[in-house]
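Given next are the chains, with one letter for each unit.
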Amino acid sequence: MLNQLESQYSESLAALENVTDSESLHAWEIKYLGKKGSVTLLLRSTGQLPAEERANFGKRANEVKNLLFEAYAAREKLVAEQELALDLEEGALDVTLPGRERPAGGLHPSTQTLRQYAEIWAEMGFQVYRSRDVETDEYNFQLLNFPPHHPARDMQDTFHTTEPNVILRTQTSPGQIRAMHELGENGTQPIRVILPGMVYRYEQITSRSEVQFNQVEGLAIGHNIRMSDLKGTVTEFAKRMYGDNVRLRFRASYFPFTEPGMEIDVECFLCGGEGCRVCKYAGWLEIAGSGMVHPNVLRNGGYDPTIWSGFAFGMGPERATMLKHGIRDIRYFWGNDLRFLEQF
Ligand code: DAH
């Protein structure tokens, strides 16, 4: 028995030398020290020995057991260290590797232009006023001096809803009335706002026209506001937007809600007025409709037109965005094609 014990002892120590990972360490533990391990079984059989051998054997067996547990613990520590080192080596961080770029979102080109407009107008004292996309016929047309069968309605083909007289706004101009009602305090307060937002028209979609596009409306109401204020203010905007040397052209025009009304052109900022494909060799690009607020419209907004006057304008920022980036087709704007959007 004692010989058996000694040979188990040296065998197990030798086996432990070959253990290099936690898996084989666990197997070794089961084989020698586990419940049915060979050393455990030897220890347990002490009782079967003749009495005079029992004490001697038992003493040695306990010694062997303790020695093996110590050897096991030392090996366990070594294996853990080795495995950690291996782990670190395999999963090593190479801090010199270039980083992986995260795809970053960007602002839609129209949003970029709208923000630029808002910034310039803000510098000139115009607050942003947000009006609604879904309007009534009353606000979109009637209060703006378009009576029910007025021919000027023809220029703004309208999306109707199933609700009678509820439509998608065809222009941001109804926001003028809403701003006057909300900010005017019954026609007692001056107003200086821009009203950016989407407008909707029931039109054939082509490379130059869409069923939705942005407008930036402007409205100033006060005492003694004149046509010269309108011209000077828009000229200042154009300078900040297109550069100090830009020239403007004002053409008489008609809008039911202005009197007088005019269209505003800038000298083509691509060819400097020489004539090019973008301005269709005219040298000028239309940037806005505008005019003095019609007395009926002032009245509909709660203002007395004998005391108050105002100017208004409506700009189409998509046109400017197309020119700036050389975008040839307006359908790209709402087409949601990432290949297009990622360029901005
Ligand atoms: N609402 C007009 C349109 O959509 C644009 C416009 C013209 C707005 C003259 C104005 C203005 O405020 O004074 O065609």
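Residues numbered from 1 in each chain as written. Predicted model: local features only at pLDDT ≥ 70, side-chain atom pairs only at ≥ 80, totals over all residues. Heavy atoms only, no water.

Colleague: Can you break down the side chain of E210 residue by residue, with the values?
Modeller: Relative to the helices and strands, E210 resides in the loop between β4 (191-200) and β5 (212-222). We note that E210 is buried and unpaired, the nearest opposite charge coming from R331 at a distance of 6.4 Å. Setting aside chain neighbours within four positions, we find E210 in contact with R201, I205, I330, R331 and W334. (Helix = DSSP H or I, 4+ residues; strand = E, 2+ residues; numbered from the N terminus. Buried < 20%, exposed > 50% of the residue type's maximum accessible area, 1.4 Å probe, protein only. Lys, Arg positive; Asp, Glu negative; His and termini not counted. Salt bridge = Lys/Arg side-chain N within 4 Å of Asp/Glu carboxyl O. Contact = heavy atoms within 4.5 Å.)

Colleague: With reference to specific residues and values, describe the packing of aromatic side chains.
Modeller: Counting across every chain of the model gives 15 aromatic pairs. Judged by centre distance (6.0 Å) and plane angle (15°), the rings of W28 and Y72 are stacked. Of this pair, W28 sits in helix α2 (residues 22-32) while Y72 sits in helix α4 (residues 51-90); the two residues are 44 residues apart in sequence, bridging distant segments of the chain. This pair shows no difference in class: W28 is buried, exactly as Y72 is. Taking the centre distance of 4.8 Å and the plane angle of 10° together, the rings of W121 and F237 count as stacked. In this pair, W121 sits in helix α5 (residues 109-123) while F237 sits in helix α8 (residues 227-242), placing the two residues 116 residues apart along the sequence. (Phe/Tyr/Trp six-rings, centres within 6.5 Å; stacked < 30°, edge-to-face > 60°.)

Colleague: Can you explain the site of the ligand? Please cite residues and give values.
Modeller: Every one of the 16 residues lining the ligand counts as a neighbour, but Q171, S173, R201, Q215 and E217 are closest to it. Contact distances for the ligand include 2.9 Å between an oxygen atom and a side-chain N or O atom of R201. Notes on the ligand: free accessible area 360 Å², of which the protein chains cover 91%. Those elements giving two or more residues to the shell around the ligand turn out to be β5, β8 (284-293) and β9 (309-315). (Near = heavy atom within 4 Å. Polar contact = N/O pair within 3.5 Å; in protein donor to acceptor, adjacent residues only side chain to side chain. Areas by Shrake-Rupley, 256 points an atom, 1.4 Å probe, with all protein chains shown as cover.)

Colleague: Describe in detail the nonpolar core, supporting the description with residues and values.
Modeller: By size, the foremost hydrophobic cluster in this structure holds 34 residues, and its most contacted members are Y117, W121, F237, Y242, V266, F311 and M315. Every element with two or more residues in this core is listed here: α5, β5, α8, β7 (258-267), β8, β9 and α10 (317-325). Broken down by element, the residue count for this core peaks at six residues, all from α8. Those residues within four positions of Y242 in sequence are excluded, and the remaining contacts are Y117, V266, F269, I287 and A320. Within the second largest apolar cluster, 24 residues are counted, among which are F146, M180, I191 and L219. (Core = buried A, V, L, I, M, F, W, Y, C linked by side-chain atoms within 4.5 Å.)

Colleague: Which residues make up unusual backbone geometry, and what values do they have?
Modeller: Omega for the bond connecting E259 with P260 falls within 30 degrees of zero, at -5°, which places this linkage in the cis form. Its place among the elements puts P260 in strand β7. Even without glycine at this site, K280 takes up a positive phi of about 55°. Positionally, K280 belongs in the loop between β7 and β8. By relative accessible area, K280 is classed as exposed at 59%. For Y281, which is not a glycine, the phi torsion comes out positive at approximately 60°. You can see Y281 is positioned in the loop between β7 and β8.

Colleague: I'd like to hear about the pairing of β8, residue by residue, with values.
Modeller: The buried fraction of β8 is high, at nine of ten residues. Bridge count between β7 and β8: eight bridges; the pairing is antiparallel. Following the sheet pairing, I264 is matched in β8 by A288. Pairing geometry for β8 and β9, over five bridges, is antiparallel. Its bridge partner being in β9, A288 is matched across the sheet by M315. (Pairing = 2+ DSSP bridges.)

Colleague: Which residues make up the pattern of salt bridges, and what values go with them?
Modeller: Tallying each qualifying case throughout the model produces 14 salt bridges. Of the charged contacts in the structure, one is a salt bridge between R240 and E236, with a shortest N-O distance of 2.8 Å. Of this pair, R240 and E236 both sit in helix α8, four residues apart, which is roughly one turn of that helix. When its relative accessible area of 29% is taken as the criterion, E236 is described as partly exposed. Where R251 meets D265, a salt bridge forms, and the shortest distance between an N and an O atom there is 2.8 Å. Here R251 is found in strand β6 (residues 248-253), whereas its partner D265 is found in strand β7, with 14 residues between them in sequence. A relative accessible area of 30% means that R251 is categorised as partly exposed. Connected through shared salt-bridge partners, R249, R251, E263 and D265 make up one network.

Colleague: Can you break down the domain arrangement of the protein residue by residue, with the values?
Modeller: Split into domains, the protein comes out as domain 1 (2-90) and domain 2 (109-341). For domain 1 and domain 2, the distance between their C-alpha centroids amounts to 90 Å. (Domains from an automatic or database assignment.)

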